[in-house]
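Fold and contact review
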Amino acid sequence: MTDLALLAPPATEPVVAAAPAPARRRRRRIAPGLVLALLVLGLVLGWAVLPSAFAPADPTQVIAADRLLAPGPGHVFGTDQLGRDIYTRVVHGAAISLSATALAVLIGLVVGSLVGLLSGFVGGRFDDVVMRLVDVLLAIPGLLLAMAIVTALGFGTLKVALAVGISAVAAFARLIRADVVRVRGSAYVEAARVSGVRWWTTLHRHVLPNSLGPVLVLAALELGSAVLAVSALSFLGYGAPPPAPEWGSLISDGRNFLATAWWLTTMPGLVVIAVVLAANRLSRALDRDGRTR
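Residues numbered from 1 in each chain as written. Predicted model: local features only at pLDDT ≥ 70, side-chain atom pairs only at ≥ 80, totals over all residues. Heavy atoms only, no water.

1. Side note on the overall build of the protein chain
We count it as follows: Each helix is a run of DSSP H or I of at least 4 residues and each strand a run of E of at least 2, with the numbering of both proceeding from the N terminus. Here, residues are in contact when the closest pair of their heavy atoms is within 4.5 Å. Accessible surface area values rest on a Shrake-Rupley calculation with a 1.4 Å probe, where residue burial reflects the displayed protein chains alone.
Of regular secondary structure, the protein chain possesses 13 helices and zero strands. Starting at the N terminus and ending at the C terminus, the protein chain contains elements arranged as α-α-α-α-α-α-α-α-α-α-α-α-α. Contacts in the protein chain between residues far apart in sequence, at least 24 positions, make up 70% of those at least 6 positions apart. Total accessible area on the protein chain stands at roughly 17,000 Å², and carbon and sulfur atoms take up 67% of it.

Listed below in structure tokens is the structure:
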């Protein structure tokens with residue numbers, strides 16, 4: 001007799017539907033490079049705002065006994081040929097160099113944005129004439145154009161800032177003009193025109209806010225370029241007269257001692273490089289953030 005229990009189908013356990021996994025929140029991780037860039041920019045900004053808090057000594061004080069001391073515990077960046085502490089001079093020079101850089105970027109941003117905004121919004125023959133002038137400015141190397149302008153204006157930190165700012169106008173104008181042309185044909189701008197909104201109101205409320213994203217990215221990028229340009233003009237002697245501790249002039253003062261005192265040019269040069277790289281890293285982060293929105 002066959003065992004019926006063996007012929008019976010095996011009992012199956014009830015299938016329990018697995019509970020859906022909880023949705024994971026996407027956490028935006030801040031890249032270590034961006035954190036380092038922000039720390040560098042924050043430190044240099046602190047130097048410019050409160051230099052005495054980071055270097056209380058007098059940047060012009062001459063101590064003959066401390067001539068050409070290598071970097072060490074007493075002098076982090078070493079001393080120059082007159083015995084002045086280079087770290088103190090770099091910290092106090094941040095206010096001069098960064099104020100000129102900020103003014104140059106502000107001039108390029110405001111003037112260039114205004115030119116590009118009007119050119120893209122008005123269009124027609126006005127746009128053609130303005131853009132051809134912009135093309136001519138873009139064809140000239142920025143540093144060469146800044147040197148020509150500062151030669152015409154005269155020497156000094158303010159003149160250097162004006163020259164660098166004017167040389168940056170064309171880049172801002174070209175960029176914002178492209179965005180204004182794109183936004184000008186959108187539905188909400190056409191609706192504002194049809195409803196009788198005045199053109200300057202449309203320009204202020206609709207066109208300008210939707211065209212500023214790439215311009216802010218370019219402003220961060222131009223910050224690094226302006227630091228290089230201001231330092232280069234100061235290196236060539238167009239900036240503040242001695243003994244003002246401008247970054248470019250500090251590098252220029254040490255070029256005659258490269259064989260015996262490398263730190264005179266290396267330390268201020270590394271500060272300039274760090275600021276430029278930090279500004280470029282910040283612009284990349286702003287560009288990536290704008291694209292993901």
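From this point, the discussion proceeds with the structure in view.
2. Looking at the pattern of salt bridges
To keep things clear, this is the line we draw: Any carboxyl oxygen of Asp or Glu that lies within 4 Å of a side-chain nitrogen of Lys or Arg is treated as forming a salt bridge with it. Burial status follows relative accessibility: with a 1.4 Å probe on protein chains alone, a residue under 20% of its type maximum counts as buried, one over 50% as exposed, and anything between as partly exposed.
What the rule picks out here adds up to four salt bridges. Two residues, D127 and R177, come together in a salt bridge whose shortest N-O distance is 2.6 Å. With D127 in helix α5 (residues 124-139) and R177 in helix α8 (residues 169-184), this residue pair connects regions lying 50 residues apart in the sequence. By relative accessible area, which is 6% here, D127 ends up buried. One salt bridge in this structure joins D135 and R132, with 3.0 Å as the shortest N-O distance. Taken together, the residues span about one helical turn, with D135 and R132 both in helix α5 at a distance of three residues.

3. Structural notes on the packing of helix α6 (residues 142-153) against helix α11 (residues 213-235)
This is how the line gets drawn: Between N-to-C directions, angles span 0 to 180 degrees; the directions come from axes that are lines fitted to C-alpha atoms, helices contributing only their stretch in contact. In these notes the angle categories are as follows: under 35 degrees is roughly parallel, over 145 is roughly antiparallel, 65 to 115 is roughly perpendicular, and the rest is oblique. Two helices that cross are described as forming a left-handed crossing if the nearer one is turned anticlockwise from the farther one by less than a right angle, and a right-handed crossing if clockwise. Residues are grouped as follows: nonpolar covers Ala, Val, Leu, Ile, Met, Phe, Trp, Tyr, Cys and Pro; charged covers Asp, Glu, Lys and Arg; every other residue, Gly included, is treated as polar.
For the pair α6 and α11, the least separation of the axes is 11 Å and the interaxial angle reads 50°. Considering their axes alone, α6 and α11 lie oblique with respect to each other. In this structure, α6 meets α11 at a crossing whose hand is right-handed. Here L143, A146 and M147 of α6 come into contact with α11, specifically with A229, A232 and L233. Partitioning the contact of α6 with α11 into residue classes produces six nonpolar, no polar and no charged.

4. Focus: unusual backbone geometry
For the bond from P242 to P243, the omega torsion is 5°, close enough to zero to count as cis. Structurally, the position occupied by P243 is in the loop between α11 and α12 (247-253). Not every positive phi belongs to a glycine, and L68 is a case in point at roughly 50°. Turning to its location among the elements, L68 is positioned in the loop between α3 (51-54) and α4 (86-122).

5. Focus: the confidence of the model for the protein chain
The cut-off we apply is this: Residue-level confidence of the predictor is summarised by pLDDT, bounded by 0 at the bottom and 100 at the top.
Mean pLDDT over the protein chain stands at 83; residues scoring 70 or higher make up 80%. Contacts for the low-pLDDT stretch residues 1-9, under 50 throughout, to residues beyond four places or in other chains number one contact. Between residues 11-25, whose pLDDT stays under 50, and residues either more than four places distant or in other chains, the model counts zero contacts.

6. Examining the environment of I86
Among the secondary structure elements, I86 is positioned in helix α4. Of the residues examined, I86 reaches a relative accessible area of 4% and is grouped as buried. The residues touching I86, leaving out its near neighbours within four places in the chain, are F77, G78, T79, D80, W263, L264 and P268.

7. A few points about the packing of aromatic side chains
Heads up, the rule is: Two aromatic rings, drawn from Phe, Tyr or Trp (for Trp, its six-membered ring), form a pair once their centres lie within 6.5 Å of each other, and the interplanar angle then sorts them: stacked below 30 degrees, edge-to-face above 60, tilted otherwise.
The tally for this structure, following the rule as stated, stands at four aromatic pairs. With 5.4 Å between their ring centres and 90° between their planes, F77 and Y87 make a pair best called edge-to-face. Of the two residues, F77 sits in the loop between α3 and α4 while Y87 sits in helix α4, which places them 10 residues apart along the sequence. Owing to a relative accessible area of 14%, F77 belongs among the buried residues under this scheme. Plain terms: the ring middles of F155 and Y238 are 5.0 Å apart, the flat faces sit at 85° to each other, and that makes the pair edge-to-face. Linking F155 in the loop between α6 and α7 (157-167) with Y238 in the loop between α11 and α12, this pair joins segments that are 83 residues apart in sequence. Of the aromatic side chains, those joined through ring pairs into one cluster are W47, F77 and Y87.

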